[in-house]
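The lines below spell out each chain.
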Amino acid sequence: MALDKKGIAKRIAQELRDGWYVNLGIGIPTLIANYIPQGIEVEFQSENGILGMGPFPYEGNEDADLINAGKQTITALPGAVYFDSALSFAMIRGQHVQLTVLGAMEVSENGDIANWKIPGRMVKGMGGAMDLVASAENIIVAMMHTNKKGESKLLPSCSLPLTGVNCIKKVVTNLAVLDVLPEGGFKLIERAPGVSVEEIQQATAGKLLIEGDIPEMTIEQEGK
Amino acid sequence: MNKVVANVKEACEGLESGMTIMLGGFGLCGIPENCIAEMVNLGINDLTCISNNAGVDDFGLGFLLQGRQIKKMISSYVGENDEFERQMLSGELDVELIPQGTLAERCRATGAGIPAFYTPAGFGTEVEEGKETREFNGKMYVLEKAFEPDFAIVKAWKGDTQGNLIFKGTARNFNPMMAMAGKITIAEVEELVEPGELDPNQIHTPGIFVQRIFQGEKYEKRIEQRTVRQKE
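Let me sum up the structure you'll find in this document. (Residues numbered from 1 in each chain as written. Chains lettered and ligands numbered in written order. Predicted model: local features only at pLDDT ≥ 70, side-chain atom pairs only at ≥ 80, totals over all residues. Heavy atoms only, no water.)

Quick notes on the overall build of chain B
Thought 1: Across its full length, chain B carries six helices and 11 strands.
Thought 2: The globule rule puts the C-alpha radius of gyration for 232 residues at 17 Å, and the 18 Å found for chain B is close to it.
Thought 3: The dimensions of chain B, computed from C-alpha atoms along their principal axes, are 55 × 50 × 40 Å.
Thought 4: For chain B, the accessible surface area stands at approximately 9,900 Å², while carbon and sulfur atoms represent 45% of it. (Helix = DSSP H or I, 4+ residues; strand = E, 2+ residues; numbered from the N terminus. Rg over C-alpha atoms; globule rule 2.2 N^0.38 Å. Areas by Shrake-Rupley, 256 points an atom, 1.4 Å probe, with all protein chains shown as cover.)

Set out below in structure tokens:
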């Protein structure tokens, strides 16, 4: 069965390593914070100016001066720090943040990403996405494998305006985990439980590389 | 040096139609509410506003959009505002969207005497169009320039009469860089104190960057996305 959004978040959470600073985008990536593996300590950065972001506040404890990049009210954990936007993007461009996870509308087989603009629709802006994808060493895209029309989001080349070029290294979808190879192509690493290689092949428009038996993902049922 | 002005009216003296104005804030967090209200009162228009966002329909820069006082917005993200969308799609409002980190660094560069800098953000995208690009150590970068604002308007939590500022939480955001960037920088604060009352070790923006300071009459501090968790 294909994963739901929580499943995608749980699978990506397995990529977290102890001691990492992590920037999570809006949508599926935000859910990852709920599934940090036992025994691992990571710190979340929100690009509007906080490291050490905690969970949402309890009702009555909301602080208008404490929000995340999605403009949601948040809390700060012990050891948290606030900073200005220039310093925040110095952390990002300077590669001090070990992992960035963000959503996408399209990813191409050479690692291009499109996630900020659809021609003919109101353009809301790229926010910090272009800075993040242009700089981060380790970027994971979290998204559904196909769009609402059933069309593949993993393409030979992006059709939508780009957010960044040659930057995506890994994609985790409801169907599969795929590495984007430096020489181009999506290398199938894992299948979602019960999803066949054929199904993944069918949902992937870009070049798909399949070597040997492709294992199923193991998704932990319980997160921290 | 005493930078105190009597009120918001005096603080905003010299703001005129056609000017380029930087306004601090991220979403509705850390925006100069009192000065925005005064800009509405002044009825100035044809403004170019540099601000990360454009407020919501009935708060923040949304007030200036309602009165069609803004000619051009320079921002990184402009969702959550129907009137903005209407003016943008009808062509009444010119919008320049730039990556958030580039926006922050352009503000910082403006105040730091740096005319331009290279950043990787936007290379290979439409952001790069018309700009110089260059390779450093095998990676491509885009040349981005400083701004030329007439005024910068920022909001801080506490400030002293010398213009030294301390921000609170994530309300800091773009305010410190914009404070550096204004030919004239206006700071409105929630609490104005005497020199010596702020610990010099804790000051975020030194008063040298601030020309005018006053205590805002009131702060609504509206929350854009109130999000809470359930008690366990």
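A look at the interface of chain B and chain A
Thought 1: Across the boundary between the two partners, chain B contributes 52 residues, which contact 46 residues of chain A.
Thought 2: Between chain B and chain A lies a buried interface of about 4,100 Å² when both sides are counted; carbon and sulfur atoms form 60% of it.
Thought 3: Linking chain B with chain A are six salt bridges.
Thought 4: Residue K168 of chain B pairs with D65 of chain A through a salt bridge whose shortest N-O separation is 3.1 Å.
Thought 5: Elements that contribute at least two residues to the side of chain B that touches chain A include exactly α4 (82-90), α5 (100-112) and α6 (175-181) of chain B. (Contact = heavy atoms within 4.5 Å. Buried area = accessible area lost by both parts, 1.4 Å probe. Salt bridge = Lys/Arg side-chain N within 4 Å of Asp/Glu carboxyl O.)

With respect to helix α3 (residues 85-93) of chain A
Residue and element names in this part refer to chain A.
Thought 1: Counting buried positions along α3 gives seven out of nine residues, so the element sits mostly inside the fold.
Thought 2: Looking only at α3, the buried set comprises S85, A86, S88, F89, M91, I92 and R93.
Thought 3: With a side-chain oxygen positioned 2.9 Å from the backbone nitrogen of A86, the residue opening α3 is D84. (Buried < 20%, exposed > 50% of the residue type's maximum accessible area, 1.4 Å probe, protein only. Polar contact = N/O pair within 3.5 Å; in protein donor to acceptor, adjacent residues only side chain to side chain.)

Quick word on a positive patch on the surface
Thought 1: Taken together, the side chains of K5, R121, K148 and K149 of chain A make up a positively charged region of the molecular surface.
Thought 2: Within the secondary structure, R121 of chain A is located in the loop between β7 (113-114) and α4 (129-135). (Patch = residues over 30% accessible without salt bridge, like charges linked within 9 Å, V, L, I, M, F, W, Y side chains within 5 Å. Lys, Arg positive; Asp, Glu negative; His and termini not counted. Charge placed at Lys NZ, Arg CZ, Asp CG, Glu CD.)

Some details on the layout of surface pockets
Residues and elements named next belong to chain B.
Thought 1: Volume-wise, the second largest pocket comes out at about 380 Å³.
Thought 2: Lining the second largest pocket are 20 residues, and of these V8, E33, N34, A37 and E217 lie nearest its centre.
Thought 3: Those elements giving two or more residues to the lining of the second largest pocket turn out to be α1 (8-11), α2 (33-42) and β11 (212-215).
Thought 4: Of the residues forming the lining of the second largest pocket, the biggest block, six residues, is contributed by α2.
Thought 5: Residue classes in the lining of the second largest pocket are distributed as eight nonpolar, six polar and six charged. (1 Å grid on protein atoms, 1.4 Å probe; cavity = no way out; pocket = protein on both sides within 12 Å on 5 of 7 lines; lining within 4 Å. Points joined across faces, edges and corners; volume = space filled by probe spheres on them. Nonpolar A, V, L, I, M, F, W, Y, C, P; charged D, E, K, R; others polar.)

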